[in-house]
Amino acid sequence: MLVAHKIALDPTNTQRSYFARGCGAARFAYNWALAEWQRQYQAGEKPSEVSLRRQLNALKREQYPWMFDVTKCAVQEAIIDLGGAFRSFFEKRGKYPRFKKKGVYDSFCAANETGTLRTNGKRIKLPVIGWVRMREVVRFEGVLKRGTIGREADRWFVSLTIEAPEVAVPLPLQEVVGVDLGVNTLATPSRGEVVTGPKAHTALLKRLRPTSRRLSNKQRGSNNRAKAKNRLARLHGRIVNIRKDATHKATTKLAKTFRRIGIEDLNVRGMVRNRRLARSILDGGFFEFRRQLQYKAKRSGAVIVVADRWFASSKRCSCCGSVEAELDLSQRRFRCSACGFEADRDWNAAKNLENLAASSAVSACGEERAGAVRKSRVKRASKKQEPNSKDELCVA
Ligand SMILES: [Zn+2]
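The paragraphs below set out a description of the structure included in this document. A quick note: this is a predicted structure, and the numbers were derived from the prediction, not measured. (Residues numbered from 1 in each chain as written. Predicted model: local features only at pLDDT ≥ 70, side-chain atom pairs only at ≥ 80, totals over all residues. Heavy atoms only, no water.)

Overview of a nonpolar patch on the surface
Together, Phe89, Phe90 and Tyr96 make up an exposed nonpolar region whose accessible area comes to about 300 Å². Inspection of the secondary structure assignment puts phenylalanine 89 in helix α3 (residues 72-90). (Patch = residues over 30% accessible without salt bridge, like charges linked within 9 Å, V, L, I, M, F, W, Y side chains within 5 Å. Areas by Shrake-Rupley, 256 points an atom, 1.4 Å probe, with all protein chains shown as cover. Salt bridge = Lys/Arg side-chain N within 4 Å of Asp/Glu carboxyl O. Helix = DSSP H or I, 4+ residues; strand = E, 2+ residues; numbered from the N terminus.)

Structural data, given as structure tokens:
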């Protein structure tokens, strides 16, 4: 099993400048290969990633001797990446590759062979530059296959690919849960505790707007603008990291506890809920939640059931199934006009997702879309207009 592990680095100034040169070399190689690819294509030749690598190797001693200052992987893997970008373009999975700009997703491959990377506690040994301090130890047992160095704001990270042995995970014990994702609270499960968002996070969100306004007031191309830009990027990074950490804890717990997990289609959700600057981050947070839940569910054997975008999880009564015509965003309690059921708004939504997950057809593994089951849900629910043995549920 291949696992990815990203660790913050604590480099010296020499190491920082090496990293910057590595990114530069990778970017140069990528852009060189892209230009050459376009030229060859127009000349009626058949460019390929392999031939371009050979070509650059042949002329780099003459024309680009500075490339020898950094690991050869940086140049090699950049051109391999370009090949991958063209492949996904030809297979209609991606856009036509574009030239890379300095400062946008700066990264380079520092090692791509087994045995070239070594760690010792909180240190990692990279080719050319040697030992670099890490902020934490590698958390997975296994062989280090590959290391990529990247920059986020002004911090450096190493992303490791590790060949880890398969471990048998016991199947989750509890049957089914629904999870409502929100802005006020990070996640509300239908069973168990509400996951409130991290405190630090709300305070930082408030700083987002003034910081970005300060950036827009600075003159283009000025040093002050560059500084303000960096400050905003760091703030963004911190918010994302804090939320990510909280999300990791919540998703791990869910995937380990429940066999079936109902969540809503997050595409729409992020768009309706919040119109402010913080939105982009929250949207990202929803996707991140789902991404983590998905790969963790795969590991623990849980099934994720995604409600389709027309499934009214908030407006539906989780007790009798009737759908309210209107539900104001400010309304924190849900009240059913058909059966009188009352509950916390988010919990009611979560319960609906749980019901959906419980009633949808079982698939072997992974994600499943609960669109087709919607009809049967409505039908079955309408029979339950009269309150019956579900009373104890209604009181909750
Ligand atoms: Zn009701």
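Next comes the rest of the account.
What to know about the nonpolar core
Leu9, Phe19, Phe108, Ile124, Ile149 and Leu160 are the most contacted members of the largest nonpolar core, which totals 42 residues. Examining the composition of this core, we find that eleven residues originate from one element, helix α1 (residues 13-42), more than from any other. Residues in contact with leucine 9, not counting those within four places in the same chain, are Phe19, Ile124, Val132, Arg133, Met134, Ile149, Trp156, Phe157 and Val158. Ranked by size, the runner-up nonpolar core spans 16 residues in total, among them Ala250, Ile263, Ala297 and Ala302. (Core = buried A, V, L, I, M, F, W, Y, C linked by side-chain atoms within 4.5 Å. Buried < 20%, exposed > 50% of the residue type's maximum accessible area, 1.4 Å probe, protein only. Contact = heavy atoms within 4.5 Å.)

Considering the sheet that holds strand β3 (residues 118-120)
Strand order across the open sheet formed by seven strands is β2-β6-β7-β1-β5-β4-β3, with antiparallel pairing between neighbours. Pairing within the sheet leaves two strands with one partner each, and these edge strands are β2 (107-111) and β3. Geometrically, the sheet is characterised by an average inter-axis angle of 35° between neighbouring strands, direction not taken into account. Bridge analysis of strand β1 (residues 2-10) against strand β5 (residues 130-134) gives two bridges, and the strand direction is antiparallel. When the bridges of β5 are listed, aspartate 10 appears paired with arginine 133. Relative to β2, α1 is tilted by about 110°, and along the sheet it contacts β1, β2, β4 (123-126), β5, β6 (143-152) and β7 (155-163). (Pairing = 2+ DSSP bridges. Axes fitted to C-alpha atoms, helices over the stretch in contact; angles between N-to-C directions.)

Thoughts on the pattern of salt bridges
On inspection of all chains with the given rule, the structure shows 17 salt bridges. Arginine 139 is paired through a salt bridge with glutamate 136; the nearest N and O atoms lie 3.4 Å apart. What makes arginine 139 exposed here is its relative accessible area of 60%. On the basis of relative accessible area, glutamate 136 is assigned to the partly exposed category, the value being 27%. A salt bridge links glutamate 354 to lysine 351; the shortest N-O distance between them is 3.1 Å. One end of the pair, glutamate 354, and the other, lysine 351, are both in helix α8 (residues 345-359), three residues apart, so they sit about a helical turn from each other. Relative accessible area serves as the criterion here: at 8%, lysine 351 is assigned to the buried category.

Re the coordination of the zinc ion
Surrounding the zinc ion are the protein donor atoms Cys317 (SG), Cys320 (SG), Cys336 (SG) and Cys339 (SG), which sit 2.2 to 2.3 Å from the metal. The motif formed by the donor residues of the zinc ion, counted along the single chain, is C-x2-C-x15-C-x2-C. One end of the pair, cysteine 320, is in the loop between β12 (303-307) and β13 (333-335); the other, cysteine 339, is in the loop between β13 and β14 (342-344), and 19 residues separate them in sequence. Residue classification places cysteine 320 among the buried positions, given a relative accessible area of 4%. For cysteine 339, a relative accessible area of 25% corresponds to the partly exposed category. (Donors = N, O, S within 2.8 Å, 3.2 Å for Na, K, Ca; no water.)

Some points on α1
Between its terminal C-alpha atoms α1 stretches 43 Å, which fits the 44 Å expected from 30 residues at 1.5 Å a residue. After α1 finishes, the residue glycine 44 shows a positive phi value of roughly 85°. (Expected span 1.5 Å × (residues − 1).)

Quick look at unusual backbone geometry
Phi angles above zero are rare outside glycine, and tyrosine 105 is one such case at about 50°. Here tyrosine 105 shows up in the loop between α3 and β2. Its relative accessible area of 75% is what places tyrosine 105 among the exposed residues. In the Ramachandran plot, alanine 153 falls in the positive-phi region, its phi being about 50° despite a non-glycine side chain. On the basis of relative accessible area, alanine 153 is assigned to the partly exposed category, the value being 32%.

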